[in-house]
Structures are given as C-alpha cells and as structure tokens.
Amino acid sequence: MRLYSSVTTISMMGLTLYQVAVETDVSNGLPGISMVGYASSQVKEAQERVRTALKNSGFSLPPRKITVNLAPAGVRKEGAHFDLPLALSILAAYGEILGKELEGVMAAGELALNGEVNPVPGILPMADYARRHGIQRMIVPYANQGEGQLLPGIQVAGVRTVREAYEYLKGEFQPERLPPAAEKPGNSREDFADIQGQEGAKRAAEISASGFHNLLLIGPPGTGKSMIARRMPGILPKLTEEESLEISSIYSISGLLNDDTPKVEERPFRAPHHTVSPQALAGGGRIPKPGEISLAHRGV
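Before going into details, it helps to say that this report is about the structure given with it. From a predicted model like this one, the values you see are computed outputs, not experimental measurements. Residue numbers here run from 1 along each chain, matching the order of that chain's written sequence. Reporting of local features is limited, given that this is a predicted model, to residues whose pLDDT is at least 70; pairs of side-chain atoms are given and counted only at 80 or more, and all residues count toward the totals for whole chains, interfaces and linings. Water and hydrogen atoms play no part in the side-chain values, which are based on all heavy atoms of the structure.

## Thoughts on the overall build of the chain
Put simply, DSSP marks the helices as runs of H or I at least four residues long and the strands as runs of E at least two long, and each gets a number from the N terminus on. Scanning the chain for helices and strands turns up 11 helices and 9 strands. Taken along its principal axes, the extent of the C-alpha atoms in the chain is 80 × 40 × 30 Å. Only protein chains enter the area calculation, which uses a 1.4 Å probe; residues under 20% of their type maximum are buried, those over 50% are exposed, and those in between are partly exposed. For the chain, the proportion of its 300 residues judged to be buried stands at 44%. We call two residues in contact whenever any of their non-hydrogen atoms come within 4.5 Å of each other. Long-range pairs, those at least 24 residues apart, make up 71% of the contacts in the chain between residues at least 6 apart in sequence. Here the Shrake-Rupley method, with its probe set to 1.4 Å, supplies the accessible areas, and only the displayed protein chains count as covering residues. Accessible area of the chain: about 15,200 Å², with a carbon and sulfur share of 52%. We count Lys and Arg on the positive side and Asp and Glu on the negative side, and we leave His and both chain ends out. Note that the charge is assigned to NZ on lysines, CZ on arginines, CG on aspartates and CD on glutamates. Taking the average place of the 31 positive charges on the side chains of the chain and the average place of its 32 negative ones, the gap between the two points comes to 4 Å.

Okay, structure coming up:
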C-alpha cells in the first residue's frame, strides 16, 4: 500500500487563482478523515461525500486513519470542486493509483453520493492557469468539458463518474472529445439602425463606441436612453479571440456558462436595476464574486 499521495487542483478567490496540492496520508489508527489546511466548512463537508461516493463506485478501501492537507495552508479554500481531487488523492494513498499516473494532472469537480461528477464554476480560468503553469492534463466534469476544450495546449478530459476518472488515469478509459460548437449565424443583437430620431444621442453613442469611451445618458423616462444603450453592442467591434476568452473566464467563475454557451462570443450588455447593492454592482461579498461591472467587461 502506498501511504502518501498528492493531487493538484485550484483554489479561487474572486478572479485570483492559486495552485493547491491535496495531500493525503493513510496510517494505522482510529478510522476517519481529518482535514487541515485552512479549509472552509464547505470543503470539509467533502470528506463525507467522497467517502460515500467511493463506496458506491465499487472501491473497497480498508478502514484507516486518513489525514488530508490542503497546501499552501495560508490560502483559504472555498468551493465544492475539491471533491474529485480529494477522491483521487485517497485512492492514490491506498495504492489504487500510481504516483506516476498523477504527474502533470490537475483535477476539479463536485461528487454526488452515487459517484457522479457534477459541474462546477470556473473551469475555463482553471484550465488557462493549468496550461500556463505546465500542467499537461486536466480532469473535469463532463458538463464542463466544452469550456476546457476552448484552450489549446492542454488535454482536458471530461468524466461523468469518479470511476471514469480512475479508469482514465489507469489508461483504461478515453473520454470522448466534444465536437466544435457551431458558429451562430450573424449578430443576435438588436439593430442600432432601428433607432428613429435622437440624432445627438446617436452621435454620442457612435463616438463612445468607436473609441471605447464612457457614456452618460440623462433624460426623462421614455426618451430612448435604454433603447440606445441596449443597441450599442451591435456597433462595437467584434470580440477578438483573446477578449472572448477573457470575458468567458469571468462568466465561468460566475457559473454563467453551460453546454449551449461554453464561450462568450458577443460583447456583453448588462442592465442592473437601480436598487442593486454595492456588492452586486462592484463585486465582492464574503466569498468574492464578480459583480455587474465585471460581467459587463469589454461591453456595455
């Protein structure tokens, strides 16, 4: 039996990402899982999900004392995406997975009690971080595979269950690669040419759009301010590939990407209500999340 293992994953704090090693040690003693390393209660709950998911996936592990450390200990760990790397780390500590099979691999995903791997937010920026730091392979939930495949230079494997993740590392399972997303025909935005009158406001909007300047529209209700603003993304230049990935990373962290929209291909338009809170507008909160200003990045 191998008594120690380490699996790489990512911790997110707002838009900042940190590399985290999920270290596991198995020893004799009172059976149970002890988790250290500045983990939130959400992460500590993973031990019960992982234990049950492994049992229901057909893994028979002898009762042992399991110690898990999330390093570096100075960074707070939030999110349910630690479930999958924790499960793989436990399997490796028990000798079910060899250390060389985990080299150059990063994992992220939430586990259900039946062993299924559920989607998590932030896979796109995680994959980008992994690629920039020399990680060759990444194991993600199947529902998030479309996000990870947007980036060249890293092999992203989408798995439906923890058993599939185990078999992938053992070389017994090859995840199917999703076909490229079909391009959407034309521009789905409302047309700026629909605006009648308001020549001065339209001229200001065109100048603002051409130079990416700020614009303030003031006037009584019903004069067309929102109508002009809503149509401004249609006269802005098309997104470059770099801009598209930049915006998509923000939306991925916010959990706004899905199978139908794995990538933001049009400039965003956000229209928050005037009663929006400062945290919702500028971002933040106890667990920092992007606000409306960040979601409107490179758009309106």
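Alright, that's what it looks like, and here's the rest.
## Re unusual backbone geometry
The step from Ala71 to Pro72 runs through a cis peptide bond, and the omega angle for that step is 5°. Locating Pro72 in the fold gives a position in the loop between strand S4 (65-71) and helix H3 (83-93). With phi around 60°, Tyr38 is a residue other than glycine that occupies positive phi space. Mapped onto the secondary structure, Tyr38 falls in the loop between strand S3 (32-36) and helix H1 (41-44). At Phe212, a residue that is not glycine, the phi angle is positive and equals roughly 55°. With respect to the secondary-structure elements, Phe212 resides in the loop between helix H7 (199-211) and helix H8 (225-231).

## A short note on the packing of helix H4 (residues 123-132) against helix H9 (residues 241-253)
Viewed as axis vectors pointing N to C, H4 and H9 meet at an angle of 125°, and their least axial separation amounts to 7 Å. Comparing their axes, H9 and H4 come out oblique. Two secondary-structure elements touch here, H4 through Ile123, Leu124 and Pro125 and H9 through Leu245, Ser248, Ser249, Ser252 and Ile253. Residue classes in the contact of H4 with H9 are distributed as 5 nonpolar, 3 polar and no charged. Orientation is described by axes fitted as lines to C-alpha atoms, over the contacting stretch for helices, and by angles from 0 to 180 degrees between their N-to-C directions. To sort the angles, those under 35 degrees are grouped as roughly parallel, those over 145 as roughly antiparallel, those from 65 to 115 as roughly perpendicular, and the leftovers as oblique. Under the scheme applied here, ten amino acids are nonpolar (Ala, Val, Leu, Ile, Met, Phe, Trp, Tyr, Cys and Pro), four are charged (Asp, Glu, Lys and Arg), and all others, including Gly, are polar.

## Considerations on the packing of helix H2 (residues 46-56) against H3
The N-to-C vectors of H2 and H3 enclose an angle of 60°; their axes lie 10 Å apart at closest approach. What the angle tells us is that H2 and H3 run oblique. Of the two possible hands of crossing, H2 and H3 adopt the one that is right-handed. Along the contact surface, H2 presents Ala46, Gln47, Arg49, Val50 and Leu54, while H3 presents Asp83, Leu86, Ala87, Ile90 and Leu91. Note: crossing handedness is left-handed where the near helix turns anticlockwise from the far helix by less than a right angle, and right-handed where it turns clockwise.

## Focus on the pairing of strand S2 (residues 16-27)
Where strand S1 (residues 4-13) meets S2, 10 bridges bridge the pair, whose relative direction is antiparallel. Counterpart to Met12 in the pairing with S2 is Leu17. Two strands make a pair as long as DSSP finds a minimum of two bridges between them. Adjacent in sequence and paired antiparallel, S1 and S2 are bridged by 2 residues, among which Gly14 carries a positive phi angle near 70°. In this structure, S2 lies alongside S4, joined through 7 bridges in antiparallel fashion. By the bridge assignment for S4, Ser27 is matched with Lys65.

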